[in-house]
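Below are the chains, spelled out letter by letter.
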Amino acid sequence: MLRASLGRLPTSRVPFSVRRYASSSLNSSYKVVVIGGGPGGLSVSSTLSAILGKNNVAVVEPSDVHYYQPLWTFVGGGLKSFDQSKRRMEDVMPKEVDWIQKAAAGFEPSSNVVILADGQKISYDYLVVAAGIQVNWDGVKGLKEALGKDCVTSNYSADSVQRTWEFINNFKGGNAIFTMPSTPIKCAGAPQKIMYLAEEQFRKNGVRDNAQVIYNTGIGKIFGIDKYASTLSQICQERGITVNTTTELTEIRADRREAVFKKTGPNGSEEQVYDYDFLHVAPPMGAPDFIKKSPIADKAGWVDVDAATLQHTKYNNIFSLGDCSSCPTGKTAAAITSESQVVKQNLLSLMAGKELVAKYDGYTSCPLVTGKNKLILAEFSGYTATPQETFPVNQSAERASMYHLTSHVLPELYWSGLLKGIWHGPGFFRNILNPN
């Protein structure tokens, strides 16, 4: 099995300052081209480049910085520093790959070609698309102009997440509103996690009695999996948090400190306007534009893959994982841990002319921070909407142990395990600790 062999593969474990870039000439060619330097792209390229060697794997990624975004809830809640969430892309890029520090702009899958933003074309034998999700800041009128100012913030922005704690700690009372869109987003629990931390801080600062904490979500329930939704609803009731479902943010009128929502009901939609004194926005998101308009996309714009093998439904030398794929599961780093193993094993099988036997079961996880030292570890299959818990305890309960696991252990597994291609999620431990 690939899992057993991965632990013996040579990997890069130390920072390095020398980076070999791909040729700037047109039609450079690689055995494998990986689109994206996020966790999915780095996990796959780390393993494949170790197996295939130099000059065979290229990673297309324009960014200079790699962010561990699950930590941004802790940053916004004043529990971690922003610097703890980032590393230089150069330091996490596998040393055996060619890093093409440009943006991808399109695909010609019938010719096995990736088109870069500057018009350069890179050819491949095999393609892995792990380009993440696109944050559509323009999807809410007035959001871009208001963000990071006058108590309007979002933990989904590298800039504004650094203002979130300041706005929370300086809050004196009034309406504190937290929003969730109806679109798919990365880490669907994040919009409410920061709410619980903020509400707790309001109590600590003695302003809770003067505050109305409101969670307006565009979807029909507080969380997609009933077991965890039940606990979260109870927490909101106990803490006096108002939850409004099918209530989606459409506009911010910053000059009047008004947030405009579309409330969907049995008789259609109506506009609701809230005054705000603090506003945390989870913006709408969707498939990256360059994928959406390409031949590899499905009707919704995601890379069209088989949900089990993660192989493209039309082009068999293309695979996709992470937020940009069409897999109907949660868009989280936890999902990528399992997906990356499936992609690597099936891609290597395809290269060897063997059957694709690795199957992804939709596993994902959402560590739901509900306060300092309190966390619900939601683990489930997005395919079946049923829990897939690792530990032999009820993970829908708030636990300090799960908080410390998420705060201290998971970041190290991310930097030293997932990005290096040697961590593929807790499935092995689940089979031992909680086999049922």
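The rules we used
All chains use their own residue numbering, which begins from 1 and follows the written sequence. Per-residue local features are limited, in this predicted model, to residues with pLDDT of at least 70; the limit for side-chain atom pairs, both in listing and counting, is 80 or more; totals at the level of whole chains, interfaces and linings are taken over all residues. Hydrogens and water molecules were not included; the side-chain quantities draw on all heavy atoms of the structure. Segments assigned H or I by DSSP are reported as helices when at least four residues long, segments assigned E as strands when at least two residues long, and all are numbered from the N terminus. Relative accessibility under 20% of the residue-type maximum defines a buried residue, over 50% an exposed one, and the middle range a partly exposed one, all with a 1.4 Å probe and only protein chains included. Residues count as neighbours in contact if any of their non-hydrogen atoms are within 4.5 Å of one another. Throughout, the Shrake-Rupley method with a 1.4 Å probe supplies accessible areas, and for residues the shown protein chains are the sole cover considered. Only four residue types enter the tally: Lys and Arg on the positive side, Asp and Glu on the negative side; His and the chain ends are excluded. Taken as the charge location is NZ of Lys, CZ of Arg, CG of Asp or CD of Glu. Every crossover in which the path from the first strand over the helix to the second runs clockwise, viewed with the strands pointing away from the viewer, is termed right-handed. Any two strands with at least two DSSP-identified bridges between them are counted as paired. Here, axes are lines fitted to C-alpha atoms. For helices the fit covers the stretch in contact, and angles between N-to-C directions go from 0 to 180 degrees. Only buried Ala, Val, Leu, Ile, Met, Phe, Trp, Tyr and Cys residues count toward a nonpolar core, and they belong to the same one when joined by side-chain atoms within 4.5 Å. Every helix has an expected span of 1.5 Å times one less than the residues it contains. Summarising the geometry, the arc corresponds to the directions from the helix axis toward the C-beta atoms. Patch building starts from residues that exceed 30% relative accessible area and form no salt bridge, then joins like charges within 9 Å and nonpolar side chains (Val, Leu, Ile, Met, Phe, Trp, Tyr) within 5 Å. Any Lys or Arg side-chain nitrogen located within 4 Å of an Asp or Glu carboxyl oxygen qualifies as a salt bridge.

Undergrad: Could you give an account of the overall build of the protein chain, naming the residues involved and the relevant values?
TA: The helix and strand inventory of the protein chain stands at 12 helices and 22 strands. A principal-axis box enclosing the C-alpha atoms of the protein chain has dimensions of 65 × 50 × 45 Å. The buried share of the protein chain, reckoned over its 436 residues, is 58%. In the protein chain, of all internal contacts separated by at least 6 residues, the share reaching a separation of at least 24 is 67%. Carbon and sulfur atoms form 49% of the exposed surface of the protein chain, whose accessible area is close to 17700 Å². Where the 45 positive side-chain charges of the protein chain centre and where its 40 negative ones centre are 5 Å apart.

Undergrad: Any details on the pairing of strand S2 (residues 57–60)? Residues and values, ideally.
TA: Residues Val-57 and Val-59 of S2 are buried on one face, and the alternating residues Ala-58 and Val-60, pointing to the opposite face, are buried as well. Taking the sense of rotation as the criterion, the β-α-β connection linking strand S1 (residues 28–35), helix H2 (residues 39–52) and S2 turns out right-handed.

Undergrad: Quick rundown of the sheet that holds strand S15 (residues 258–265)? Include the residues and the values.
TA: The 3 strands lie next to each other as S14-S15-S16, forming an open sheet whose pairing is antiparallel. In this open sheet, the two strands that pair with only one neighbour each are strand S14 (247–253) and strand S16 (268–275). Each adjacent strand pair in this sheet contributes to an overall mean axis angle of 25 degrees, direction not counted. Here S15 runs beside S16; their pairing, made up of 8 bridges, is antiparallel. Looking at S16, one finds that Thr-264 is bridged to Ser-269.

Undergrad: Please set out unusual backbone geometry residue by residue, giving values where relevant.
TA: Phi at Asn-112 is positive, roughly 55 degrees, even though this residue is not glycine. Locating Asn-112 in the fold gives a position in the loop between strand S6 (104–108) and strand S7 (113–116). Asn-112 gets classed as partly exposed once you look at its relative accessible area, which sits at 25%. Of note, the phi angle at Asn-373 is positive, near 70 degrees, even though the residue is not glycine. Checked against the element boundaries, Asn-373 lands in the loop between strand S20 (363–371) and strand S21 (374–381).

Undergrad: Any chance you could break down the nonpolar core for me, citing the residues and the numbers?
TA: Membership of the largest hydrophobic core comes to 67 residues, with the highest contact counts inside it found for Val-33, Ile-35, Phe-107, Val-114, Leu-127 and Val-129. Discounting chain neighbours no more than four positions away, the residues touching Val-33 are Ala-58, Val-60, Val-114, Ile-122, Ser-123, Tyr-124, Tyr-126, Leu-127 and Val-128. Leu-147, Tyr-156, Ala-229 and Ala-259 belong to the second largest nonpolar core, which has 57 residues in total.

Undergrad: Talk me through the sheet that holds S20; I want residue IDs and the actual numbers.
TA: In spatial order, the strands read S20-S21-S22; together these 3 strands make up an open sheet with antiparallel pairing. The open sheet has two edge strands with one neighbour each: S20 and strand S22 (386–387). Note: S20 against S21, 8 bridges, orientation antiparallel. Residue pairing for S21: Leu-368 is matched across the bridge by Ile-376.

Undergrad: Quick one: what's the story with helix H8 (residues 226–238), residue by residue and with numbers?
TA: Taking 1.5 Å per residue as the helical rise, H8 with its 13 residues ought to reach 18 Å, and the 18 Å between its terminal C-alpha atoms agrees with that figure. Restricting attention to buried positions, one finds in H8 the residues Tyr-228, Ala-229, Thr-231, Leu-232, Ile-235 and Cys-236. Seen along its axis, H8 keeps its buried residues to an arc of 165 degrees; they face one direction. Every exposed residue of H8 that faces more than 90 degrees away from the buried side is listed here: Asp-226, Gln-237 and Glu-238. Where H8 is buried, its residues touch helix H7 (190–204), strand S13 (242–244), S20, S21 and S22. Looking one or two residues beyond H8, the residue adopting positive phi is Gly-240, at roughly 70 degrees.

Undergrad: Please give an account of a nonpolar patch on the surface that cites residues and values.
TA: A cluster of nonpolar side chains, namely Phe-428, Phe-429, Ile-432 and Leu-433, defines an oily patch on the protein surface of about 390 Å² accessible area. Assessed through its relative accessible area of 40%, Phe-429 is described here as partly exposed.

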